[in-house]
Amino acid sequence: MPSALRIRAASGDDAAAIGAIYDEGVRSGVATFATGAHDEAERRAWLAARPARAPVYCGELEGRVRAWSALAPYSHRSWYEGVAEYTVYVAGAARGDGVGRRMLAHLIAAAPAFGYWKLVGMILPENGPALALARNAGFRVVGTHHAHATLAGRWRDVTMVERHLDPEVAGVRKPDGLPS
Ligand SMILES: CC(C)(COP(=O)(O)OP(=O)(O)OC[C@H]1O[C@@H](n2cnc3c(N)ncnc32)[C@H](O)[C@@H]1OP(=O)(O)O)[C@@H](O)C(=O)NCCC(=O)NCCS
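Below, the structure is looked at part by part. This is a predicted model, so every value here is computed, not measured.

1. Some points on the pattern of salt bridges
Enumeration over the complete set of coordinates arrives at eight salt bridges. Note that Arg 6 and Glu 60 form a salt bridge whose closest N and O atoms lie 3.2 Å from each other. With Arg 6 in strand 1 (residues 5–9) and Glu 60 in strand 2 (residues 56–61), this pair connects stretches of sequence that are 54 residues apart. A salt bridge links Glu 162 to Lys 118; the nearest nitrogen and oxygen atoms lie 2.6 Å apart. Placement of the pair is Glu 162 in strand 7 (residues 154–164) and Lys 118 in strand 5 (residues 118–123), with a sequence separation of 44 residues. Here the salt bridges share partners, and the residues they tie into one network are Arg 6, Arg 8, Asp 14 and Glu 60.

2. A look at helix 3 (residues 99–110)
Compared with an ideal rise of 1.5 Å per residue, which puts twelve residues at 16 Å, helix 3 spans 16 Å between its outermost C-alpha atoms and is within 8% of the ideal. Residues of helix 3 that are buried: Val 99, Gly 100, Met 103, Leu 104, Leu 107, Ile 108 and Ala 110.

What counts, and where the lines are drawn
Residues numbered from 1 in each chain as written. Predicted model: local features only at pLDDT ≥ 70, side-chain atom pairs only at ≥ 80, totals over all residues. Heavy atoms only, no water. Salt bridge = Lys/Arg side-chain N within 4 Å of Asp/Glu carboxyl O. Helix = DSSP H or I, 4+ residues; strand = E, 2+ residues; numbered from the N terminus. Expected span 1.5 Å × (residues − 1). Buried < 20%, exposed > 50% of the residue type's maximum accessible area, 1.4 Å probe, protein only.

None of the figures reported here should be taken as evidence of function without further support.
The structure is reproduced here in structure tokens:
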């Protein structure tokens, strides 16, 4: 039985907890292209600078922040304004208990209020848990970008996943009349 998870908007006071969870992901070498550690002041500044359509949330278990999640616009182009990239990080000790699933479900539920119609995720193909999280939350794999960016001096592929937030659109595979 998963423990009770309280999900709420993050504040500057969550900077240290968010940073510690993020640094675990950085050290894994498969969660993000970011490298190095950031101090609490930098993380506070990062939180304060988030635009309104780029919310950050914390997931608390028994009063302790054990996960965080975020949405961010996918592109500056106006016609993609309804597409957001999602982020979910769970502390190593809290993984495998449905926390990531609930953080992502919360983002899916929250996103339309910010004007988003689709979520995309950019995942290193070696990150099995992140791919499983996305697939099991109804995302489909769009494809894998070859040598999309470098991490520690090495070219890395990036798999994109997507989920449309309008169930009717999500069910449409191809427009009528087009050959399959
Ligand atoms: C990816 C991550 C968020 C998953 O969090 P989690 O709390 O362990 O995930 P959950 O326990 O909620 O599992 C979610 C689903 O993925 C599956 N899953 C999670 N880890 C898995 C693994 N190692 N192998 C296979 N399946 C896995 C679960 O079976 C579950 O399926 P369900 O929804 O059908 O029950 C976590 O591993 C993490 O924080 N990784 C580092 C940061 C990162 O890579 N984030 C992704 C980039 S946005």
